[in-house]
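# Observations on the model geometry
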Amino acid sequence: MKLQEFHARELLSAAGLPVPRGRVASTPAEVRAAAAELFAVSASQVVVKAQVLVGGRGKAGGVKLAATAQEAEAAGSAILGMSIKGITVRRVLVAPGPDIAREYYLGAILDRAAQRILLMGSAEGGVEIEEVARQKPEAIVRLHAHPHLGLLDYQARSMALSLGLGGPHLRAAVAIAKGLVRVMVENDADLVEVNPLAVVRETGPGGLVTERLACLDAKITLDDSALPRHPELEARRDLDEEDPADAEARAQGINFIHLDGAIGCLVNGAGLAMTTMDLVKRAGGEPANFLDIGGGAKADKVAAAMRLILADPKVMAILVNIFGGITRGDEVAHGLVEARAVQSREVPRVVRIVGTNAAEAAAILRAAAFETASSLEEAAERAVAAVRRAQMASATGSPEATEARP
Ligand code: GDP
Ligand code: MN
């Protein structure tokens, strides 16, 4: 689950990191009021930022600076309602917008292969880090945090010095680097990223210019599996930006994984899901997704899973692979029949149900004229063949493949 920037900033702030504190606004008038408050305190400039769960807001025009409350209001009008990568902006963050001298990248991510937290830093901040990684991989410094002790002082210092943040910035840079890793561990995050981490210029009394470090953007992704441990973070989920299919899957207790191919896979159990993916690939196909309905699923859950699969236009064939243990084959079969009665489009499907009540399931499927298979290899091969037929049909303009039911 991704957190909105203003929520991510709160977590960094709570961990003692230097984050300019702002306010969230959803109308231009609220933007103006928030900006007026910041100007009254001390800000000489404010930044108005689109709060959407995608990167590249700056490039898309979703980040604007303003020198007066009136300018901030105008920026708010421009940004609110704008669409960034297909997402409508409903809220903006209004924060002090310091003068930037230099921009850095600093982020902690979960390195699954190394089973460690990886801290990455770059003096080429501000731009998307993926871009830097592609064009100038040597500009990214990487180091792994200690698995039990977190980021050690010497590691944080080494990172800071590699980025050129020594001297007056060393102490703050060390605290920020260690803080990112701490925030990651404490919140069960798999990404905590600050881009830009900026050296900002402040003009004090008597025109004295000082520089200090500030986190001007924050991106945090939480590990979904750990969310039950953090109800306060779950409460920050942005339902407006969640794919409705994902929301329904979550509500139904279905584990829904999106992939790129054309075969929708309905399975029970993670291991069986992996095996099913492998066999689909071995048969020359590509899965469009898999939906793991877990153990003991009833007919309504199966029907919901079928609805979700059919709602994905990429799906050209469906493979149902159930190994009944606590899950009863006849329940699954009933769910499949139920779903077909109300489905929005017809797609070839192959069903393989073994284990508990497999015989009852077979009778139900036979009566409803479902295509069945006795082995998983056979089921996978037939699903792949069905996709090939559908692709040929659509290439030659025959309506067979995607014909809608009355
Ligand atoms: P992103 O493009 O979605 O990652 O949004 P960012 O928050 O990183 O903003 C994009 C760019 O806007 C940054 O790299 C900065 O150059 C600029 N920017 C963001 N916040 C501030 C700020 O507080 N002050 C100034 N001067 N520029 C900012
Ligand atoms: Mn950014």
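All figures in this text were calculated on a predicted structure; none of them were measured in a lab. (Residues numbered from 1 in each chain as written. Chains lettered and ligands numbered in written order. Predicted model: local features only at pLDDT ≥ 70, side-chain atom pairs only at ≥ 80, totals over all residues. Heavy atoms only, no water.)

### Examining the confidence of the model for the protein
Of the residues in the protein, 98% reach a pLDDT of 70 or more, and the chain-wide mean stands at 93. Counting interchain partners and residues more than four positions distant, the pLDDT-below-50 stretch residues 401-406 has 9 contacts. (pLDDT = per-residue confidence, 0-100. Contact = heavy atoms within 4.5 Å.)

### With respect to the domain arrangement of the protein
Split into domains, the protein comes out as domain 1 (1-16 + 100-241), domain 2 (21-97) and domain 3 (244-395). Taking the mean C-alpha position of each, domain 1 and domain 2 sit 22 Å from one another. Counting residues at the interface gives 14 residues for domain 1, matched by 15 residues for domain 2. Summing both sides of the interface, domain 1 and domain 2 together bury roughly 1400 Å²; the carbon and sulfur share of this comes to 47%. Counting every contact that joins domain 1 to domain 2 gives 6 salt bridges. Counting every contact that joins domain 1 to domain 2 gives 10 residue pairs in polar contact (both at pLDDT 80 or more). (Domains from an automatic or database assignment. Buried area = accessible area lost by both parts, 1.4 Å probe. Salt bridge = Lys/Arg side-chain N within 4 Å of Asp/Glu carboxyl O. Polar contact = N/O pair within 3.5 Å; in protein donor to acceptor, adjacent residues only side chain to side chain.)

### Details of the coordination of the manganese ion (ligand 2)
Protein coordination at the manganese ion (ligand 2): the donors are N195 (O) and D217 (OD), at 2.2 Å from the metal. With N195 in strand β10 (residues 189-203) and D217 in the loop between β11 (209-215) and β12 (219-222), this pair connects stretches of sequence that are 22 residues apart. Like N195, the residue D217 is buried in the burial classification. (Donors = N, O, S within 2.8 Å, 3.2 Å for Na, K, Ca; no water. Helix = DSSP H or I, 4+ residues; strand = E, 2+ residues; numbered from the N terminus. Buried < 20%, exposed > 50% of the residue type's maximum accessible area, 1.4 Å probe, protein only.)

### With respect to the site of ligand 1
With respect to spatial proximity, 18 residues lie near ligand 1, and among them K49, R57, G58, P98 and E103 are the closest. Between ligand 1 and G56 there is a distance of 3.4 Å, counted from an oxygen atom to a backbone nitrogen or oxygen. Interatomic distance of 2.9 Å between a backbone N/O atom of G58 and an oxygen atom of ligand 1. The fraction of the free accessible surface of ligand 1 (560 Å²) that becomes covered by protein chains is 83%. At the level of secondary structure, the elements contributing two or more residues to the shell around ligand 1 comprise β2 (46-50), β3 (63-66), β7 (99-111) and β10. Among the residues making up the shell around ligand 1, the classes are represented as 8 nonpolar, 6 polar and 4 charged. (Near = heavy atom within 4 Å. Areas by Shrake-Rupley, 256 points an atom, 1.4 Å probe, with all protein chains shown as cover. Nonpolar A, V, L, I, M, F, W, Y, C, P; charged D, E, K, R; others polar.)

### Regarding the pattern of salt bridges
Applying the stated criterion across every chain yields a total of 28 salt bridges. Salt-bridge contacts for R307 lead to E248; the nearest nitrogen and oxygen are separated by 2.7 Å. Separated by 59 residues along the polypeptide, R307 in helix α10 (residues 299-310) and E248 in helix α8 (residues 244-252) bring together distant segments of the chain. Overall, the relative accessible area of 43% leaves R307 in the partly exposed class. Between K281 and E286 there is a salt bridge, with the nearest N and O atoms lying 3.1 Å from each other. Residue classification places K281 among the partly exposed residues on the basis of a relative accessible area of 48%. Taken together, the shared-partner salt bridges in this structure form one network comprising E5, R9, K49, R57 and D217.

### As for the packing of aromatic side chains
Summed over the entire model, instances satisfying the criterion amount to 0 aromatic pairs. A cation over a ring is seen here: R340 above F370, with NZ or CZ 4.3 Å from the ring centre. (Phe/Tyr/Trp six-rings, centres within 6.5 Å; stacked < 30°, edge-to-face > 60°. Lys NZ or Arg CZ within 6 Å of the ring centre and 35° of its normal.)

### Describing the sheet that holds β2
With respect to topology, 4 strands assemble into an open sheet ordered β1-β6-β2-β3, the strand pairing being antiparallel. The open sheet terminates on both sides in strands that have one partner only, identified here as β1 (23-25) and β3. The average undirected angle you get between the axes of adjacent strands in this sheet is 25°. Bridge count between β1 and strand β6 (residues 92-96): 3 bridges; the pairing is antiparallel. (Pairing = 2+ DSSP bridges. Axes fitted to C-alpha atoms, helices over the stretch in contact; angles between N-to-C directions.)

### A short note on helix α3 (residues 69-79)
Among the residues of α3, those classed as buried are A69, A72, A75, G76 and I79. Angularly, the buried residues of α3 cover 115° about the axis, an arc narrow enough to put them on a single face. Contact partners of the buried residues in α3: α2 (28-41), β2, β3 and β6. After α3 finishes, the residue G81 shows a positive phi value of roughly 90°. (Arc of directions from axis to C-beta.)

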